[in-house]
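What follows is each chain in one-letter form.
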Amino acid sequence: MKVPVPVPICSIMLVLPLLLAVLQTVTAQKNGIHIYSLMVDSKVSSRFAHTVITSRVVNRADEAQEAIFDMELPKKAFITNFSMIIDGVTYPGNIKEKAAAQEQYSAAVARGESAGLVKATGRKTEQFQVSVSVAPAAKVTFELVYEELLKRQLGVYELLLKVRPQQLVKHLQMDIHIFEPQGIRFLETESTFMTNELADALTVSQNETKAHILFKPTLSQQQKSSGQQDKALDGNFIVRYDVNRTLSGGSIQIENGYFVHYFAPEDLPTMPKNVIFVIDKSGSMSGRKIEQTREALIKILSDLSPKDQFNLITFSSGATQWKPSLVPASPENVNKAKSYATGIQAAGGTNINDAMLMAVKLLESTNQAELLPEGSISFIILLTDGDPTVGETNPTSIQKNVREAIGGQYSLFCLGFGFDVSYAFLEKLALDNGGLARRIYEDSDSALQLQDFYQEVANPVLTKVAFQYTSNAVEEVTQDNFRLLFKGSEMVVAGKLRDKSPDVLSARVGGKMYMQNITFQTESNVAKQEEEFQSPKYIFHNFMERLWAYLTIQQQLEQMVSASEADSQAFKTRALNLSLKYNFVTPLTSMVITKPEGQEQSQVAEKPVEDAIVHNAPPIDVGVARSPDILGQRGPPGDPHDFPSYSSRLRNSGDSAFSPQVVLEPRQVELDDTETQNKERIITEPTSASIQASPVLLTLPGPSNDTLCVDIKHSQGPMNLLSDPDQGIEVNGQYDTKKAGFHWIKVTFKNPQVQVLASPEHVVVTRNRRNSAYKWKETLFSVLPGLKMTMDKTGLLLLSGPDKVTIGLLSLDDPGKGLLLFLRDTDHFSSHVNGTLGQFYQDVSWEMTEVADDSQRTLRVQGKDFSVTRKLKMDYQEGLPGTEISCWSVEL
């Protein structure tokens, strides 16, 4: 008699959204609205991105149907235009001052109509949705235009595009042009919908200053990729790049009477830091939040430089400092601080005021004692998850107290954990004191988000930075004085050239670096620059004027937060006027969507603001989290139970940006021909418990392509699995005998410099101090110079490249099992490969044995004999239920 297997609760949570999502998709197609063309055109000119999304639909039903235009755009972008063409008539979106549109907005809400067309949907995106009734056989063209200035973070610019048509599309195209006069230093792409089949539809071309990325899949490619007739593409497409830089550290670019000055000097030494971490340990932080905070804090402490000084303050109802003064970040002090951090427990209320004043007083007393090193930078990092409940609880009073205490001497960075804290309160607290605020989203990668933020501010290279230009040459210049410049970021100044400006625009940038002042000088020939931006093929004209307006509006909105009431009104007026002049949907303007007569007339698109979504937290998109390596060079990560169940990443079923099918429906993938030779493969039922999976499958060199199944019988702590200096690859891991697999595996590449850290819960990819975290079975297709990373619905992660060994990692999505490791294309190993597994590719030979049994042999490796036995093992590289293979089994 079979005992029924209990179904985990998380499985139920997964299945329900899946059914709902499928029903929604089928309904969308059965109602007769057919998308026959979807075009995404994005032109990036000198970091300024202009994106046009055009969707054409037809109603094939016999009666009127509702067509829904549903797109996602980056949060930092401003919508500049939306229109619908119905039966040859254009219905434009009209941008008005928010107050002027409020009457129409309120009336629509009173009628129960969905007036708000834009809402936050994730960490980086907003959703724009509008619907219209379409007569039988009628066609509608939707067009959405938005613009944004790409911001450099941790050494890269990132262009994010969403692709989710909800059905197969005959004419589907994504066309991206990038023009950077400084020259493109590197360019990489990443997708969460791309497969090997769709990769044939992607072309990337690049020269010194231009890049062109075209994705144009046919219907058959879309169908072959999904494996089903009614499935469609759904996910992100990301382009990351950086530009070349000169010794002057800057580049002045000029177009149509406007200029932009980018400033990011390379190779400056990092200034020593005096940093105080102020950590909320109130009762609301209990459980997962405090665990992740401890995890992140321990890693951040490890990243402190020996030249830094630091201290910790924890607070709940009261505040406690770890040490009476700041201490040097010596190995001894860092280890003591880690021990202290490990013991932080959550309980009590939230007294932000006392904690902040204690931090400022600590810096003040250290400064008065002349214990702050000359040329160092001092700042405070506050992490809290809720509004103040103990002591001074009035937000305005706390902001005033902290501002007066700091007195412009130190910078304050505020991190809001989750959605129970007022982001507006933290933002003003930070901006009042020369810092910035950031929301930390509650999810499995919250610790990585915290580490990410620290990496952004961990390396200050310049302070008191001021820009000066040729006298009487420019006007209406954006912000030209900055408190701090961090490694991997960039300062941007834009303005207008005067009518009689000189032929050469000169700029002088002064600042203070460690122990000395420094000046950078840059010149730009106006006529030459104007000529460089004349080609209509890869840029949109007058972009620099719009860039200047975009940057000015963003800065005016930011200055409104920390300015006095009188100044705030002046900033608001200028930002509003520019928003209306340049047709931007900003927090001060609204777009009124017009429709044909007889349909609801008052739909209004407004820019969401951060605090407006506090009580309706957007779903989390884990695939873009970044953070530094959990392991570094210091051993394994924390306990695997620190990671939540898979259900933690679920969006609600109404969020069409997420497709649960990716999690639940594994797909058979084709192995290379060399992998299928000399193997007897039999599809088995998952109940075949007698045949076990091998934690390591190695393809041996030579014409036979024999497979070696490696079973590790003894836990050996962190292991050097293989290292090949010629290949620039190193693989380390820790084996878990109880789970018959690896507790973690870390793969490090030297060129490009990439690190992949895998645990049974997720995969973290580190590149340029920036991380992306991925769940297993989450589709990934990332192409970097010299390296390709792919993961499909089976959960098989492949790391490959030209003339490189292919490394495969797999999680069986079973808490009782560890990671599995596979090696392919092993003929690329050099003669210098070594390690526990690498040894099998050095001086290997089969030895004759006296035993008559053909299933037993001796394998000689570098003079050492291993007994190997022919066995049947399970191979899960093609997903469940697995495939039986015959391999040579060796025990280590």
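Structure's up top.
The text that follows walks through the structure, step by step, so that each part is easy to find.

How each quantity is defined
- The residue count restarts for each chain, going from 1 along the sequence in the order it is written.
- Only residues with pLDDT of at least 70 are given local features in this predicted model, and only at 80 or more are side-chain atom pairs given and counted; all residues enter the totals for whole chains, interfaces and linings.
- The side-chain figures draw on all heavy atoms in the structure; neither hydrogens nor water molecules are used.
- Runs of E in the DSSP output that reach at least two residues are strands. Runs of H or I that reach at least four are helices, and both are numbered from the N terminus.
- Burial here depends on accessible area, computed with a 1.4 Å probe over protein chains only, as a share of the maximum for the residue type. Under 20% is buried, over 50% is exposed, and the range in between is partly exposed.
- The set of buried Ala, Val, Leu, Ile, Met, Phe, Trp, Tyr and Cys residues whose side-chain atoms join them within 4.5 Å is what this entry labels a nonpolar core.
- Contacts are assigned to residue pairs that have any heavy atoms within 4.5 Å of one another.
- Expected span of a helix: the number of residues minus one, times 1.5 Å.
- Directions are taken from the helix axis to each C-beta atom, and the arc is the one they span.
- When DSSP finds at least two bridges between two strands, those strands are taken to pair.
- Inter-axis angles, ranging from 0 to 180 degrees, are taken between N-to-C directions of lines fitted to C-alpha atoms, where helices are fitted over the stretch in contact.
- Here, a disulfide means two cysteine sulfur atoms that sit within 2.5 Å of each other.
- Salt bridges are identified by distance alone: a Lys or Arg side-chain nitrogen within 4 Å of an Asp or Glu carboxyl oxygen.
- Two N or O atoms form a polar contact when they lie within 3.5 Å of each other; inside protein one atom must be a possible hydrogen donor and the other a possible acceptor, and for residues adjacent in sequence the pair counts only when both atoms belong to side chains.

## Quick word on the overall build of the chain
- If you tally the helices and strands in the chain, you get 15 helices and 49 strands.
- For the chain, buried positions account for 59% of its 892 residues.

## Things to note about the nonpolar core
- With 59 residues, the main nonpolar core has Phe82, Phe128 and Phe142 as its most contacted residues.
- Considering every element that reaches this core, the biggest residue donor is strand 1 (residues 33–45), with 5 residues.
- If sequence neighbours within four positions are ignored, Phe82 has contacts with Phe69, Tyr91, Pro92, Gly93, Phe128, Val130, Phe142, Glu143, Leu144, Met591 and Ile593.
- Residues Tyr735, Val763, Met791 and Val833 belong to the second largest nonpolar core, which totals 48 residues.

## Overview of helix 13 (residues 565–581)
- The first and last C-alpha atoms of helix 13 sit 24 Å apart over 17 residues, in line with the 24 Å expected at 1.5 Å per residue.
- Within helix 13, the full set of buried residues consists of Ser568, Ala575, Leu576, Leu578 and Ser579. When helix 13 is viewed along its axis, its buried side chains cluster within an angular range of 165° and face the same direction. With respect to the buried face of helix 13, the exposed residues turned more than 90 degrees away are Ala566 and Lys581.
- Taken together, the buried residues of helix 13 touch strand 5 (89–97), helix 12 (543–562) and strand 30 (589–593).
- A positive backbone phi angle near 60° is found at Asn583, which sits one or two residues after helix 13.

## Digging into the sheet that holds strand 39 (residues 762–767)
- Strand order in this open sheet of 6 strands is 35-36-37-38-39-40, and the pairing throughout is antiparallel. Since the sheet does not close on itself, it has two edges, and those belong to strand 35 (718–724) and strand 40 (770–775), each with one partner. The mean inter-strand angle of the sheet, taken between neighbouring strand axes irrespective of direction, is 15°.
- By the bridge criterion, 5 bridges tie strand 37 (residues 741–749) to strand 38 (residues 754–758) in an arrangement that is antiparallel. Across the sheet, Ile745 pairs through a bridge with Ala758, a residue of strand 38.

## Some words on the pairing of strand 4 (residues 78–86)
- With 7 of 9 residues buried, strand 4 is to be regarded as a mostly interior element.
- Two elements, strand 4 and strand 8 (residues 139–149), share 8 bridges in a ladder whose sense is antiparallel. Paired with Ile85 across the bridge in strand 8 is Thr141.
- In terms of strand pairing, strand 4 meets strand 5 through 4 bridges, oriented antiparallel. By the bridge assignment, Ser83 is partnered in strand 5 with Pro92.
- From the end of strand 4 to the start of strand 5, which pair antiparallel, there are 2 residues, and Asp87 there has a positive phi angle of about 50°.

## Remarks on the state of the cysteines
- Taken as a whole, this structure holds 1 disulfide when the rule is applied.
- The disulfide partner of Cys709 is Cys887, and the gap between their sulfur atoms is 1.9 Å. Its S-S torsion of about -120° marks the bond between Cys709 and Cys887 as left-handed, since a negative value means left-handed. On the criterion of sequence distance, the pair formed by Cys709 in strand 34 (residues 707–711) and Cys887 in strand 49 (residues 883–891) is long-range, its members being 178 residues apart.
- Judged by its relative accessible area of 0%, Cys887 is buried.

## Quick word on the pattern of salt bridges
- With the rule as written, the count across this model stands at 36 salt bridges.
- For Arg164, the salt bridge goes to Asp70, with nearest N and O atoms at 2.9 Å. Linking Arg164 in the loop between strand 9 (157–163) and strand 10 (171–179) with Asp70 in strand 3 (residues 65–74), this pair joins segments that are 94 residues apart in sequence. Considered together, Arg164 and Asp70 belong to a single accessibility category, that of buried residues.

## Some details on the environment of Gln755
- Tracing the sequence through the fold places Gln755 in strand 38.
- Gln755 gets classed as buried once you look at its relative accessible area, which sits at 10%.
- A C-alpha to C-alpha distance of 6.7 Å links Gln755 and Arg767, two positions 12 residues apart in sequence.

## Some points on the sheet that holds strand 16 (residues 258–263)
- Overall, antiparallel pairing links the 4 strands, which are arranged 15-16-27-25 in an open sheet. Both edges of this open sheet fall to strand 15 (250–255) and strand 25 (474–475), since each of them pairs with a single strand only.
- Here 6 bridges tie strand 15 to strand 16, and the two strands are oriented antiparallel to one another. Paired with Ser251 across the two strands is Tyr262, which belongs to strand 16.
- The sheet strands contacting helix 12 are strand 15, strand 16 and strand 27 (491–497), and the helix crosses strand 16 at an angle near 60°.

## Considering the pairing of strand 31 (residues 603–606)
- Of the two faces of strand 31, both are covered, the one formed by Gln603 and Ala605 as well as the one formed by Val604 and Glu606.
- As paired elements, strand 30 and strand 31 share 4 bridges and run antiparallel to each other. When the bridges of strand 31 are listed, Val592 appears paired with Val604.

## Let's talk about the side chain of Lys162
- In this structure, Lys162 sits in strand 9.
- A relative accessible area of 7% means that Lys162 is categorised as buried.
- A polar atom in the side chain of Lys162 sits 2.7 Å from the side chain of Asn236.

## Let's talk about unusual backbone geometry
- At the junction of Asn751 and Pro752, the peptide bond is cis and its omega measures out at 0° in the coordinates.
- Structurally, Pro752 is set in the loop between strand 37 and strand 38.
- Backbone geometry places Glu476, a non-glycine residue, at a positive phi of 50°.
- Tracing the sequence through the fold places Glu476 in the loop between strand 25 and strand 26 (481–486).

## Overview of helix 12
- Compared with an ideal rise of 1.5 Å per residue, which puts 20 residues at 28 Å, helix 12 spans 30 Å between its outermost C-alpha atoms and is within 8% of the ideal.
- The buried fraction of helix 12 is high, at 15 of 20 residues.

## Concerning the side chain of Glu126
- Along the chain, Glu126 turns up in strand 7 (residues 125–134).
- A distance of 3.2 Å separates a polar atom in the side chain of Glu126 from a polar atom in the side chain of Lys607.

Keep in mind these numbers describe shape, not what the thing actually does.
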